[in-house]
Amino acid sequence: MLLAVMLLAACGPGKNYRAERAVLRATLVELFATRERAQVISVWQDPRQQSPTLSAFGGPWDHHDTLALQIVDSTGLGLPFRVERITLGDMERFFRANPKGWDAWFEAHPGNAGIVEVATPKIADDSAVVIVGRACGEICRTAWRVTLARNGEAWTVARVDVLKLPK
């Protein structure tokens, strides 16, 4: 009984996981299949640690959930590229063992778009917004605000804005 209560509480009232998955899929396909032509993305999976790019907007992630990182479960998304998971510990071990830094990263991870961070989508009626960050080098960081629109069950990217990262 306690397990059932915990599972129901974890789902959250009014949360539409199907819409959230569709929004995430459309966002990631637009950014990393269509625009970047990535074969692989490494998604930040360490909710206990600041992420490499989106942490520039301040942190820890605020209590209003405006930049709460999404743990992307790619199994149900049908993405046209592989999704790897990475934590701060993984990154530290890799870069400690490889003095060539990001050059070594891309040699070891061919076709990789870098370390991708995905904020929890904000969905309201027939529109959604997702913030996505990417670290790809010592001076290579990008953040996007992706705005999506729903037409029936389908979500499509309406606009992609590059965000100015704080120094």
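Further up the page is the structure itself.
Quick look at the structure, then. (Residues numbered from 1 in each chain as written. Predicted model: local features only at pLDDT ≥ 70, side-chain atom pairs only at ≥ 80, totals over all residues. Heavy atoms only, no water.)

### Some points on the overall build of the chain
Line of reasoning, step 1. Along the backbone of the chain there are four helices and seven strands.
Line of reasoning, step 2. Mapped from its N terminus to its C terminus, the chain presents α and β elements in the order α-α-β-β-α-α-β-β-β-β-β.
Line of reasoning, step 3. Put simply, the chain has 167 residues, and 41% of those count as buried.
Line of reasoning, step 4. In the chain, the share of contacts with a sequence separation of at least 24, taken over all contacts with a separation of at least 6, comes to 61%.
Line of reasoning, step 5. Total accessible area computed for the chain in this model is approximately 9700 Å², and 54% of it derives from carbon and sulfur atoms. (Helix = DSSP H or I, 4+ residues; strand = E, 2+ residues; numbered from the N terminus. Buried < 20%, exposed > 50% of the residue type's maximum accessible area, 1.4 Å probe, protein only. Contact = heavy atoms within 4.5 Å. Areas by Shrake-Rupley, 256 points an atom, 1.4 Å probe, with all protein chains shown as cover.)

### A closer look at the nonpolar core
Line of reasoning, step 1. Leu28, Phe32, Ile41, Phe81 and Leu148 are the most contacted members of the largest nonpolar core, which totals 28 residues.
Line of reasoning, step 2. Per element, the largest residue contribution to this core is nine residues, and it comes from helix α2 (residues 17-35).
Line of reasoning, step 3. If we ignore the near neighbours within four places in the chain, the residues touching Phe81 are Leu28, Val29, Phe32, Ala33, Ala38, Gln39, Val40 and Ile41.
Line of reasoning, step 4. Formed by 16 residues, the second largest nonpolar core is a distinct cluster that contains Leu69, Met91, Phe94 and Trp102. (Core = buried A, V, L, I, M, F, W, Y, C linked by side-chain atoms within 4.5 Å.)

### Let's talk about α2
Line of reasoning, step 1. For α2, which comprises 19 residues, the first-to-last C-alpha distance of 26 Å matches the rise-based estimate of 27 Å (1.5 Å per residue) to within 8%.
Line of reasoning, step 2. Along α2, the residues classified as buried are Ala19, Glu20, Val23, Leu24, Ala26, Thr27, Leu28, Val29, Leu31, Phe32 and Ala33.
Line of reasoning, step 3. Where α2 is buried, its residues meet β1 (40-44), β3 (112-118), β4 (122-124), β5 (127-137), β6 (140-151) and β7 (154-163).
Line of reasoning, step 4. Looking one or two places after α2, you find Arg37, whose phi comes out positive at around 55°. (Expected span 1.5 Å × (residues − 1).)

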